[in-house]
Amino acid sequence: MTADARQAAEQVARDSYGRLLAFLAARTRDVAGAEDALAEAFASALKSWPETGVPANPDAWLLTVARRRQTDTIRRRQTRVAGEEHIQLMSEEIEAASASPDVIPDRRLALMFACAHPDVEAGMRAPLILQTILGMTAVDIAAAFLIPPATMGQRLVRAKARIRDNGIPFAIPEREDLAARLDAVLEAIYAAYAKGWTELGDTSADRMADEAIWLGRLVVSLLPEEPEAKGMLALMLYAEARREARRDPTGAYVPLESQDITLWDEPQILAAESLLHHANAAGPTGRYQIEAAIQSAHIARCVSGKNNWQSVVALYDVLLALTQSPVVTLNRAAALAETLGPKAALASLDSIADDKRMADYQPYWAARGHLAARAGRKEDAHEALTLAIGLSTDDAVRHYLMAQRVRLQDG
Amino acid sequence: MRYMMIIHHDADALAKAPQQELWADYAAFNQALAKAGAGFSSGLRLHEAKGATVVRSKAGKTEVLDGPYADTREQLAGYYFIDVPTLEQAVEWANRCPSAKYGAVEIRPIVEQTAS
């Protein structure tokens, strides 16, 4: 099998997993039970397909076996009439679904909304989506999130119990709630992407970035009218397009302004531009679209050589008003240094200097060190860079900062 | 949650490490610990484990032995303290420790004394 064909096959399997699980779990809200049933269905497929051949419609076959499993389990647990009615309904549904398998209702979006429900612990939303929609194992998720596998496993089990016990609905929220709830879904997917972005050169994290982009595409395809979903996908693609350029051949970290633009992935950039264009058709409405617009501006500047820092600062102003996030203040300062100079940029950081979250936030100290160095405040720069070095977890970044600190003494 | 972060060094790996860079990294790391606030402190670095002495008292009889307590490749080399809300953050602080590259950092939550 060629790599392409294998990838295509994997894509189909991945597509089916989330689709089947979402369908199986939608009525019972028992995600763990649905996973068990589906796992057994896959296991019996592995046993019988080599003998009988792959059925014409593998999805319908898997669904039928899994649903039978599921009804058996429910029957064992509850023998009340209500239970029987429930089973009856489920069986009718499954028969309808396997009779016309092309229309197995796609409930993945509803499942994602359940996983990113406010009742689910915020930190577990991304892992839950990765497991239920993509079928990723707790071990793989744990590796990307740097959590012991057993701990991740326990947390996933707890989160699923919560969905079942709290009766969290498997539904796409009504119009008025949609924006806020969608935000949680997008945030979870973006968190998964960020895991794959910040850890340079880590293979489990690289894979996580691919999975997050796949999920982003899925959300865009299921909610084609939502500009923020497109904005987030565009944001991920802009970052992904520059992945290769972030390291030089020796593995050293390369900041944006020094990157070799011939290493950027042009098709990904064009895809991002097009998504952003569609998202902004009715004017930008959310943080992901603005963040994507900032990335678009960075790329335009590097490609054309035309200074556009003024518009970058303006975009950050909008983003700051929207999010009130200290991280935005920090990123805005870097842009401000290009328009009003490093001293003004440092002054703009005073508003977040006492924020406790900044105390051990590596990018804060790296930015402070960088700005202080440009402002000629060598002592401040040395202290901030030292802290940034101490807070780094990545060797490439650590070495980059050390070189900056050395230059401080030379210059 | 307060954690004691216990450093176990692989003596061979440590001997091969670029020493100057390692101790420069450590200076930066300790400064970051000091800046992180109350509940964080750089601990102490211990002499090599082969210089250890182990004492046991059994039924009134005292036994004194040379060498480290555990006969393993990676030996207790030092410790530091952190105070963070989640295990994720503790893992991050373990990852930042320069010793993580030359052995392992064990994360142990500290038993808090409840007021009686």
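All values derive from a computational prediction rather than experimental measurement.

The subject of this paragraph is the overall build of chain B. From N to C terminus, chain B includes three helices and six strands. Helices (α) and strands (β) of chain B occur, in sequence order from the N terminus, as β-α-α-β-β-β-β-α-β. Projected onto the principal axes, the alpha-carbon positions of chain B cover approximately 50 × 45 × 20 Å. Looking at the 116 residues of chain B, the share that counts as buried comes to 32%. Restricting to contacts in chain B with at least 6 residues of sequence separation, those with at least 24 account for 73%. When the accessible surface of chain B is summed, it comes to about 7400 Å², and 54% of that surface belongs to carbon and sulfur atoms. Averaging the coordinates of the 12 positive side-chain charges in chain B and doing the same for the 14 negative ones gives two points 4 Å apart.

A separate point is the packing of helix H17 (residues 362-374) of chain A against helix H18 (residues 378-391) of chain A. Residues and elements named next belong to chain A. Interhelical geometry of H17 versus H18 gives an angle of 155° and a closest axis separation of 7 Å. Looking at the two axes, H17 sits roughly antiparallel to H18. Seen from above, H17 lies across H18 with left-handed handedness. Within the contact between the two elements, H17 uses Gln 362, Trp 365, Ala 366, Arg 368, Gly 369, His 370, Ala 372 and Ala 373 and H18 uses Asp 380, Ala 381, Ala 384, Leu 385, Leu 387, Ala 388 and Leu 391.

Here the focus is the pattern of salt bridges. Tallying each qualifying case throughout the model produces 22 salt bridges over all chains. Glu 88 of chain B is the partner of Arg 155 of chain A in a salt bridge, and the nearest nitrogen-oxygen pair spans 2.7 Å. Pair noted here: Arg 155 of chain A is in helix H8 (residues 149-165) and Glu 88 of chain B is in helix H3 (residues 87-96), and the two residues belong to different chains. On the basis of relative accessible area, Arg 155 of chain A is assigned to the buried category, the value being 14%. Looking at Glu 88 of chain B, the relative accessible area reads 31%, which means it is partly exposed. A salt bridge links Asp 395 of chain A to Lys 101 of chain B; its shortest N-O distance comes to 3.1 Å.

Quick look at H18 of chain A now. Between its first and last C-alpha atoms H18 of chain A spans 20 Å; for 14 residues at 1.5 Å apiece the expected length is 20 Å, and the two agree. All of the buried residues in H18 of chain A are Ala 381, Ala 384, Leu 385, Thr 386, Leu 387, Ala 388, Ile 389, Gly 390 and Leu 391 of chain A. Considering only its buried residues, H18 of chain A is in contact with H17 and helix H19 (395-410) of chain A together with helix H2 (19-35) and H3 of chain B.

Below, the discussion takes up the packing of aromatic side chains. Inspection of every chain in the model, using the stated rule, returns twelve aromatic pairs over all chains. Ring centres of Phe 40 of chain B and Trp 93 of chain B lie 5.3 Å apart, and the angle between their planes is 55°; on these two criteria the pair is classed as tilted. Of this pair, Phe 40 of chain B sits in the loop between H2 and strand S2 (41-45) while Trp 93 of chain B sits in helix H3; the two residues are 53 residues apart in sequence, bridging distant segments of the chain. Here a set of aromatic residues connected by ring pairs shows up, and it is made of Trp 23, Tyr 26, Phe 29, Phe 40, Tyr 80 and Trp 93 of chain B. Its end group placed over the ring of Trp 309 of chain A, Arg 301 of chain A keeps NZ or CZ at 3.7 Å from the ring centre. One Lys or Arg, Arg 96 of chain B, reaches over the ring of Trp 93 of chain B and ends 4.4 Å from the middle of that ring.

Further remarks concern the environment of Leu 146 of chain A. One can find Leu 146 of chain A in the loop between helix H7 (138-145) and H8. The exposure class of Leu 146 of chain A is partly exposed, given its relative accessible area of 35%. Each C-alpha atom of the pair Leu 146 of chain A and Lys 195 of chain A lies 9.3 Å from the other, and the pair is 49 residues apart in sequence. Once residues within four sequence positions are removed from consideration, Leu 146 of chain A is found in contact with Val 91 and Asn 95 of chain B.

Further remarks concern the environment of Thr 73 of chain A. Along the chain, Thr 73 of chain A falls in helix H3 (residues 58-77). The spacing of Thr 73 of chain A and Arg 247 of chain A is 174 residues in sequence and 52 Å in space, taken between C-alpha atoms.

Within strand S4 (residues 61-66) of chain B, only zero of the six residues are buried, leaving the element largely exposed. Hairpin remark: strand S3 (residues 53-58) of chain B followed by S4 of chain B, antiparallel, with two residues in the connecting loop; positive phi at Ala 59 of chain B, about 50°.

Let's shift gears to the packing of helix H11 (residues 227-241) of chain A against helix H13 (residues 287-304) of chain A. Residue and element names in this part refer to chain A. Running from N to C, H11 and H13 point in directions that differ by 35°, and their axes come no closer than 7 Å. The way H11 lies across H13 gives a crossing that is left-handed. Across the interface between the two elements, Pro 227, Glu 228, Gly 231, Met 232, Ala 234, Leu 235 and Tyr 238 of H11 pack against Arg 287, Tyr 288, Gln 289, Glu 291, Ala 292, Gln 295, Ser 296 and Ile 299 of H13. Residue classes in the contact of H11 with H13 are distributed as eight nonpolar, four polar and three charged.

Before going further, it helps to spend a moment on the domain arrangement of chain A. All names here are of chain A. You can read the domains of chain A as domain 1 (1-105) and domain 2 (107-223). Every contact between the two is made by 18 residues of domain 1 and, on the other side, 17 residues of domain 2. Both sides of the domain 1 and domain 2 interface together cover about 1700 Å² of buried area, and 59% of this is carbon and sulfur. Looking at the side of domain 1 facing domain 2, the largest losses of area belong to Arg 14, Arg 29 and Val 31, adding up to 37% of the total buried there. Taken together, the connections running from domain 1 to domain 2 amount to one salt bridge. A salt bridge links Glu 35 to Lys 160; the shortest N-O distance between them is 2.7 Å. In this structure, the connection of domain 1 to domain 2 is made through three residue pairs in polar contact (both at pLDDT 80 or more). If you list the elements that add at least two residues to the side of domain 1 that touches domain 2, you get helix H1 (3-28) and helix H2 (31-52). It is H1 that contributes the most residues to the side of domain 1 that touches domain 2, eleven residues altogether.

The rules behind the values
- In this numbering scheme, every chain counts its residues from 1 along its sequence in written order.
- Each chain gets a letter, beginning with A, and each ligand a number, beginning with 1, in the order they are written.
- Restriction of local features to residues with pLDDT of at least 70 applies here, the model being predicted, together with a cutoff of 80 or more for giving and counting side-chain atom pairs; totals for whole chains, interfaces and linings are based on all residues.
- To obtain the side-chain values, all non-hydrogen atoms of the structure were used and water was disregarded.
- Secondary structure elements follow DSSP: runs of H or I of four or more residues count as helices, runs of E of two or more count as strands, with numbering from the N terminus.
- The buried label goes to any residue with under 20% of its type's maximum accessible area, the exposed label to any with over 50%, and the partly exposed label to all in between, with areas taken from a 1.4 Å probe on protein chains only.
- Contacts were defined at the residue level, with two residues in contact if any of their heavy atoms lie within 4.5 Å.
- Using the Shrake-Rupley algorithm and a 1.4 Å probe, accessible areas are obtained, with residue cover drawn only from the displayed protein chains.
- Within this scheme the basic residues Lys and Arg register as positive and the acidic residues Asp and Glu register as negative, but His and the chain ends are omitted.
- To locate a charge, take atom NZ for lysine, CZ for arginine, CG for aspartate or CD for glutamate.
- Axis geometry follows a simple rule: fit a line to the C-alpha atoms, using only the stretch in contact for helices, then measure angles between N-to-C directions, giving values from 0 to 180 degrees.
- If an angle is under 35 degrees, it is roughly parallel; if it is over 145, roughly antiparallel; if it lies from 65 to 115, roughly perpendicular; otherwise it is oblique.
- Crossing handedness is defined as follows: a turn of the near helix away from the far one that is anticlockwise and smaller than a right angle gives a left-handed crossing, while the clockwise case is right-handed.
- Any Lys or Arg side-chain nitrogen found within 4 Å of a carboxyl oxygen on Asp or Glu counts as a salt bridge.
- By this rule the span expected of a helix is its residue count minus one, scaled by 1.5 Å.
- Here a Phe, Tyr or Trp ring, Trp counted by its six-membered ring, pairs with any other such ring whose centre lies within 6.5 Å, and the pair is stacked when the planes are under 30 degrees apart, edge-to-face when over 60, and tilted otherwise.
- Put simply, a charge is over a ring when the Lys NZ or the Arg CZ is close to the ring centre, within 6 Å, and near the line of the ring normal, within 35 degrees.
- Here, any two strands with at least 2 DSSP bridges between them count as paired.
- Classes in brief: Ala, Val, Leu, Ile, Met, Phe, Trp, Tyr, Cys and Pro nonpolar; Asp, Glu, Lys and Arg charged; the others, Gly included, polar.
- For the domains described, the bounds stem from an automatic or database domain assignment.
- Throughout, buried area stands for the accessible area (probe radius 1.4 Å) lost by two parts on being put together, summed over both.
- Counted as a polar contact is a pair of N or O atoms within 3.5 Å, where, for protein atoms, one must be capable of donating a hydrogen and the other of accepting one, and residues adjacent in sequence contribute only when both atoms are in side chains.

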